[in-house]
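Structural characterization, general
Listed here are the chains, written in short residue letters.
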Amino acid sequence: MPRLGEPGTITFNQMKALRQNNFVPDKSWSREEAALILDAVIYLRAVCRTVASDDDGPAPLEVQNELLRVILTTEDVRDYVRRWGEARREAGHDEFTDDERKLPRNNQFETVAKAARKHLIPTAAAGPKENAGR
């Protein structure tokens, strides 16, 4: 991920939110870099809720880390998620709340969803396999 913004401008609240999401923030990060990471986490979790069921609970951290890597290293997805996060904040959404339910279906969504499908199996699809051996 290329550097964004002015280094060292990360806020206290961003650092707190990052820690709550299992990140170890660095004081040299910019406000924009921290916002992108937090936005990417909200986005990837919304994708996971779409691909799997809400009943499955949050995706395992390993899956979230893989999807975060996809978002941050795929330029068009990274740029889209950055604009998406900025638009969320401008619309009055809390920047630290994971409350996104519906995402627009576009190429960026499909890129992340395809990666999520490799790791997540919807509950309905897993049910018969689990009971097959009983």
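That block above? That's the structure.
We now turn to the structure provided with this report. Since this is a predicted model, take the numbers as computed values, not measurements.

What counts as what
Residues numbered from 1 in each chain as written. Predicted model: local features only at pLDDT ≥ 70, side-chain atom pairs only at ≥ 80, totals over all residues. Heavy atoms only, no water. Axes fitted to C-alpha atoms, helices over the stretch in contact; angles between N-to-C directions. Helix = DSSP H or I, 4+ residues; strand = E, 2+ residues; numbered from the N terminus. Left-handed = near helix turned anticlockwise from the far one by under 90°. Contact = heavy atoms within 4.5 Å. Nonpolar A, V, L, I, M, F, W, Y, C, P; charged D, E, K, R; others polar. Expected span 1.5 Å × (residues − 1). Buried < 20%, exposed > 50% of the residue type's maximum accessible area, 1.4 Å probe, protein only. Arc of directions from axis to C-beta.

Put simply, helix 1 (residues 12–20) and helix 2 (residues 31–51) touch, their axes get as near as 10 Å, and they point 35° apart. In this structure, helix 1 crosses over helix 2, and the sense of that crossing is left-handed. On helix 2, the residues touching Q14, A17 and L18 of helix 1 are R31, A34, A35, I37 and L38. Per-class residue counts for the contact of helix 1 with helix 2 are six nonpolar, one polar and one charged.

Below, the discussion takes up helix 4 (residues 75–90). With 16 residues, helix 4 extends 23 Å from end C-alpha to end C-alpha; this agrees with the ideal 22 Å at 1.5 Å per step. What helix 4 keeps buried is the set V77, R78, Y80, V81, W84, G85 and R88. Along the axis of helix 4, the buried residues cluster in a sector spanning 165°; they form a single face. Structural note: helix 4 exposes E75 and E90 on the side pointing more than 90 degrees away from its buried face. Looking at the packing, one finds that the buried side of helix 4 touches helix 2, helix 3 (61–73) and helix 5 (107–119). Once helix 4 ends, the next one or two residues include G92, with phi positive near 100°.

Read these as geometric descriptors, not functional statements.
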